[in-house]
Amino acid sequence: MLFGEIPYICFHSICLSYQNCINFFTLTTAGINYHLLTATSDIEKEWLREIAAGDKNAFRKLFDAYRIQLFNFVYEFTHSSVDAEEIVQETFLKIWENREAMDRVEMPRPFIYTIVRNHTYNYLKKLARSEQLMREVWANMNHIVNDAEQLLLAKESLALISE
């Protein structure tokens, strides 16, 4: 009963050979297991090879292994769960759209984090540009508008623009 209500984490280490061990955590919440990889492993390379061949199951495994970690990484920059989710989704969409090239990726973890980092930076640049644009529009509106009614209309227009 306790574990069904409270999320818990277990550490696992599976050695496929002397030099190839997979270390991962399993986060269990509401009866669902999420696998969180701790280091790049051959299994990730295999998933990417399978994804390159169009295997949706391998894509799902990769998604499940990375989505929570990527979400937390992006959230640290955006401070928005909605935007963090969207950026993570865009990252995996890019992987799926370019799946034919995935079999050439030698280091999956840095590759995936590079994609998510670039998407995050693009989001932050877009946000900074839109805030700067909003300030410029507002400054121009304040400079031109003299009459109280026009000022009210300008504020309403600005509110509509920011939605």
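The model shown is predicted, which means the values in this text are computed figures rather than measured ones.

Definitions and cut-offs
- Residues numbered from 1 in each chain as written.
- Predicted model: local features only at pLDDT ≥ 70, side-chain atom pairs only at ≥ 80, totals over all residues.
- Heavy atoms only, no water.
- Helix = DSSP H or I, 4+ residues; strand = E, 2+ residues; numbered from the N terminus.
- Buried < 20%, exposed > 50% of the residue type's maximum accessible area, 1.4 Å probe, protein only.
- Contact = heavy atoms within 4.5 Å.
- Phe/Tyr/Trp six-rings, centres within 6.5 Å; stacked < 30°, edge-to-face > 60°.
- Arc of directions from axis to C-beta.
- Expected span 1.5 Å × (residues − 1).
- Axes fitted to C-alpha atoms, helices over the stretch in contact; angles between N-to-C directions.
- Left-handed = near helix turned anticlockwise from the far one by under 90°.
- Nonpolar A, V, L, I, M, F, W, Y, C, P; charged D, E, K, R; others polar.
- pLDDT = per-residue confidence, 0-100.

### Considerations on the overall build of the protein chain
Next, step 1: Counting its secondary structure elements, the protein chain contains 6 helices and 3 strands.
Next, step 2: Each helix and strand of the protein chain, placed in order from N terminus to C terminus, yields the pattern α-β-β-β-α-α-α-α-α.
Next, step 3: When each of the 163 residues of the protein chain is scored for burial, the buried share is 28%.
Next, step 4: Put simply, 46% of the contacts in the protein chain that link residues at least 6 apart link residues at least 24 apart.

### What to know about the packing of aromatic side chains
Next, step 1: Considering all chains together, one arrives at 8 aromatic pairs under this definition.
Next, step 2: Ring geometry for Phe 59 and Trp 96: centres 5.2 Å apart, planes at 65°, overall edge-to-face. In this pair, Phe 59 is assigned in helix α3 (residues 56–78) and Trp 96 in helix α4 (residues 81–97), connecting sequence segments 37 residues apart.
Next, step 3: Owing to a relative accessible area of 18%, Phe 59 belongs among the buried residues under this scheme.

### Describing helix α2 (residues 42–52)
Next, step 1: Residues Glu 44, Trp 47, Leu 48 and Ile 51 constitute the buried set of α2. In an axial view of α2, the angular spread of the buried residues amounts to 100°, which keeps them on one side of the axis.
Next, step 2: Two residues or fewer past α2, Gly 54 is found with a positive phi of approximately 95°.

### Focus: α4
Next, step 1: Helix length check: α4 (17 residues) gives 24 Å between terminal C-alpha atoms against 24 Å at 1.5 Å per residue, within 8%.
Next, step 2: Looking only at α4, the buried set comprises Ala 84, Ile 87, Val 88, Thr 91, Phe 92, Ile 95 and Trp 96.

### Let's talk about the packing of α3 against α4
Next, step 1: At a minimum axis separation of 8 Å, α3 and α4 run at an interaxial angle of 145°. The way α3 lies across α4 gives a crossing that is right-handed. Note on element contacts: α4 touches α3 through Ser 81, Asp 83, Ala 84, Glu 85, Ile 87, Val 88, Gln 89, Phe 92, Ile 95 and Trp 96, opposite Lys 56, Phe 59, Leu 62, Phe 63, Tyr 66, Arg 67, Leu 70, Phe 71, Val 74, Tyr 75 and Thr 78.
Next, step 2: Within the contact of α3 with α4, the residues separate by chemical class into 14 nonpolar, 3 polar and 4 charged.

### Remarks on the confidence of the model for the protein chain
Next, step 1: The pLDDT averaged across the protein chain works out to 75; a share of 58% of its residues lies at or above 70.
Next, step 2: Of all helices and strands in the protein chain, the one with the weakest mean pLDDT is helix α1 (residues 2–5) (42), whereas α4 scores best (94).
Next, step 3: Confidence drops under a pLDDT of 50 for residues 1–8, and excluding neighbours within four residues, the segment shows 9 contacts in the predicted structure.
Next, step 4: Between residues 12–22, whose pLDDT stays under 50, and residues either more than four places distant or in other chains, the model counts 20 contacts.

### Brief notes about the side chain of Thr 78
Next, step 1: Looking at where Thr 78 falls in the secondary structure, it is placed in helix α3.
Next, step 2: According to the relative accessible area criterion, Thr 78 is buried, its value standing at 11%.
Next, step 3: Contact partners of Thr 78, with chain neighbours within four places excluded, come to Asp 83, Ala 84, Ile 87, Thr 120 and Tyr 123.

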